[in-house]
Amino acid sequence: MDEEETGPPKRELYALLQVSPEATDEDIRKAYRHWAQVYHPDKYQDFHMQQIATENFQRICQAYEILSDEYKRQIYDIYGMEGINSGLELGPKLNKVEELKAELERLRKRKEEEKMLAHFRPSGTILAHLSLPQFLHGDGIMRGMAMSSDVQSQLSKRTAIGIGGNLEVNENSGGGAASTVLRHQLSPVSSIEFIASAGLRALIGVQTTRNLSLHSTATIAIAKSLRDGSINLSNTWTRQLSETANGNIQLLLGPESSIAVGWQKKDEKMSASGELQIGTSSFSASAHYTHRFSSKSHGRIAGRFGSTNMEVEVGGGRKLSNFSTVRMLYTIGIQGIFWKFELHRGGQKLIIPILLSRHLNPMFATGALVIPTSLYFLLKKFVVKPYNLRREKQKTLENKEKTSAQVREARATAEKAQQLLQIVANRKRSRHLETNELVITKAVYGSSKALKKAHESREGNKESASEVIDVTIPLNFLINDSGQLKLHEGVRKSGIMGFCDPCPGEPKLLRVEFTYGGKRFEVEVDDYAALLIPQESHRV
């Protein structure tokens, strides 16, 4: 995951002026006057230095223009330069943070809606039932197969249509169905759906949903079968129980009437659900629990018990990419012992249940569980993990190639800025060496991985050098009159004058070595962390 997508706002303009995001208007004016004097082109006689000074002076002016304007600063604080360049109208009409957010969200939603209108959203499932006992008896391995497909399209801002169909073959019999759903948003709190299907389950129906309050929703549906004329009426009430959990009650009236009570909970680490259903001629209970071990892998256990079924399912899955997930599950129940393999990619699913045995032999059941578990860990260690490492390395190389021109340009800008800072930085360094005050002896900024690797080996290499930048000069320049160096929290350090981002998209660190009072110190901080030196805790 890219750092750009998950980190705090970049806020380079604050870093450029060396002020905190909480700085007052007076703090910003003082910082602007200070840096404007440093980079004013008239200070330099050499033509080349004047050009460098002009470039940096323009950056300082742009930062001040945005941060000194109340409305522009509010937009920048919320959405950065994207908000500044998005075409928001500035002025008294948008004088609150909430109004600014709403306006930019409106522009974003318009773009998303235009994109959505131009695309369909397809989904589908292929289910292949395999049987090992049937294969061993010479009758072929395929027990049956089912396919379903669905396409949804937004006809307008408030109306959508879904068209789907399915085919199923089980040994010598089969059938299919086609369905259409038309959904219309009546208001911000209610919607209606018209449903029609033909084939094995031919029916027509209508369903309406309404938000009763901020935390509860009600759905009423009525459907008539075109095969036997029976009518089904259902009522569902859903209530949000907490930020991560909700419950529901469903009442179904028809040839097979029933009442069901359910509960669902989902957060970053786990998801769980349970349901109890009691009908006129049947009953069932089910529950499942999924635990996420990391952002890429999870484990699952589920159970179903009722008048027609009883089974337990255990297994796990792993995320192969942003669009693909693979699962391997083991099921034991009254219908037999199964392995199940699932591949999910985008809106498409491939599900392959394999019947291993219809008899619940304890030895066979244990072996059927142990063998795939062992295979999973072997595959993970010798196939999946090496593949992911190669893929990650390939992505890093592709990202470097894609951003190489951008990085070269940023490095050149940083080096030019350091040329202007060097004279003052060297003067401070010499004076502080004489008086045993704070002196930055070595400072590097860049890839966390490269810096840690170089630190452990105590040696640099060509690869790590391309992912870091020496920032000793700008940090010596930033030492204030009190003999301290202060960098503000929440401000991305690549925006500091004389810095640049040498590895876009990767986590970054700043490592500083310095002397104070004749003693050696060393400190390392994350990209957005505050830094105040000297401190005794940094002593080597």
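Residues numbered from 1 in each chain as written. Predicted model: local features only at pLDDT ≥ 70, side-chain atom pairs only at ≥ 80, totals over all residues. Heavy atoms only, no water.

Quick look at the overall build of the protein chain
- Across its full length, the protein chain holds 11 helices and 23 strands.
- The buried share of the protein chain, taken over its 540 residues, is 34%.
- In the protein chain, the share of contacts with a sequence separation of at least 24, taken over all contacts with a separation of at least 6, comes to 42%.
- When the accessible surface of the protein chain is summed, it comes to about 32300 Å², and 57% of that surface belongs to carbon and sulfur atoms. (Helix = DSSP H or I, 4+ residues; strand = E, 2+ residues; numbered from the N terminus. Buried < 20%, exposed > 50% of the residue type's maximum accessible area, 1.4 Å probe, protein only. Contact = heavy atoms within 4.5 Å. Areas by Shrake-Rupley, 256 points an atom, 1.4 Å probe, with all protein chains shown as cover.)

So, the pattern of salt bridges
- As enumerated under the stated definition, the model contains 18 salt bridges in all.
- A salt bridge links E193 to R183, with the shortest nitrogen-to-oxygen separation between them at 3.5 Å. Pair noted here: E193 is in strand β5 (residues 190–199) and R183 is in strand β4 (residues 173–187), with a separation of 10 residues, a long-range link.
- One salt bridge in this structure joins R327 and E342, with 3.5 Å as the shortest N-O distance. Here R327 is found in strand β15 (residues 324–333), whereas its partner E342 is found in strand β16 (residues 336–345), with 15 residues between them in sequence.
- R327 gets classed as partly exposed once you look at its relative accessible area, which sits at 26%.
- Overlapping salt bridges, with partners in common, bring together E12, R492, D501, K508 and D527 in one network. (Salt bridge = Lys/Arg side-chain N within 4 Å of Asp/Glu carboxyl O.)

A look at the environment of V512
- Tracing the backbone through its elements, the reader meets V512 in strand β21 (residues 508–516).
- By relative accessible area, V512 is classed as buried at 1%.
- Once the C-alpha coordinates of V512 and A443 are considered, the two residues, 69 residues apart in sequence, prove to be 4.4 Å apart.
- With near-sequence residues (within four places) excluded, V512 lies in contact with I440, K442, A443, L475, F521, E522, V523, L531 and I533.

What about the sheet that holds strand β19 (residues 468–470)?
- Read from one edge of the open sheet, four strands run β19-β18-β21-β22, paired in antiparallel fashion. Both edges of this open sheet fall to β19 and β22 (519–526), since each of them pairs with a single strand only. Put simply, the sheet's adjacent strands are angled 15° from each other on average, direction ignored.
- Note that β21 and β22 share eight bridges and pair antiparallel. Bridge pairing in β22 links L510 to V525. (Pairing = 2+ DSSP bridges. Axes fitted to C-alpha atoms, helices over the stretch in contact; angles between N-to-C directions.)

Some details on the state of the cysteines
- Scanning the entire structure with this criterion turns up zero disulfides.
- C503 provides the cysteine sulfur closest to C500, a residue in no disulfide bond, and the two sulfurs are 9.1 Å apart. (Disulfide = S-S within 2.5 Å.)

A short note on helix α4 (residues 47–67)
- Between its terminal C-alpha atoms α4 stretches 30 Å, which fits the 30 Å expected from 21 residues at 1.5 Å a residue.
- Turning to α4, its buried residues are M49, I52, A53, N56, F57, I60, A63, I66 and L67. (Expected span 1.5 Å × (residues − 1).)

Concerning the UniProt feature "coiled-coil region" (unreviewed entry) in the protein chain
- Summarizing the sequence annotation, UniProt attributes the feature "coiled-coil region" (unreviewed entry) to residues 90–117 and 390–427 in the numbering used throughout.
- Here residues 390–427 is 100% helix and 0% strand, with 48 Å between the C-alpha atoms at its ends. (UniProt positions renumbered as here; feature names shortened; annotations may be inferred.)

Re the pairing of strand β10 (residues 258–266)
- Relative to β10, strand β9 (residues 245–253) runs antiparallel, the two being bridged by eight bridges. Paired with G247 across the strands is W263, a residue of β10.
- Linking two consecutive strands that pair antiparallel, namely β9 and β10, is a turn of four residues.
- Here nine bridges tie β10 to strand β11 (residues 270–279), and the two strands are oriented antiparallel to one another. Note that in β11 the partner of I259 across the bridge is I278.
- Where β10 hands over to β11, the hairpin turn is made up of three residues, counted between the paired strands.

So, the packing of helix α3 (residues 25–39) against α4
- Running from N to C, α3 and α4 point in directions that differ by 170°, and their axes come no closer than 9 Å. When the axes of α3 and α4 are compared, the pair comes out roughly antiparallel. Facing α3, whose interface residues are I28, R29, Y32, W35, A36 and Y39, α4 presents A53, N56, F57, I60, C61, Y64 and L67.
- Its residues placed into classes, the contact of α3 with α4 shows 11 nonpolar, one polar and one charged. (Parallel < 35°, antiparallel > 145°, perpendicular 65-115°, else oblique. Nonpolar A, V, L, I, M, F, W, Y, C, P; charged D, E, K, R; others polar.)

With respect to the packing of α3 against helix α8 (residues 362–434)
- Viewed as axis vectors pointing N to C, α3 and α8 meet at an angle of 90°, and their least axial separation amounts to 10 Å. Judged on the interaxial angle alone, α8 and α3 are roughly perpendicular. Between α3 and α8, the contacting residues are W35, V38 and Y39 on the first element and A417, L420 and L421 on the second.
- Here the contact of α3 with α8 is built from residues that sort into six nonpolar, no polar and no charged.

A short note on the nonpolar core
- Counting 55 residues, the largest nonpolar core has Y39, I440, L475, L510 and V512 as the members making the most contacts within it.
- Looking at which element gives the most residues to this core, the answer is α4, with eight residues.
- For this core, the domains that each give at least three residues are domain 1 (19–91) and domain 3 (410–539). (Core = buried A, V, L, I, M, F, W, Y, C linked by side-chain atoms within 4.5 Å. Domains from an automatic or database assignment.)

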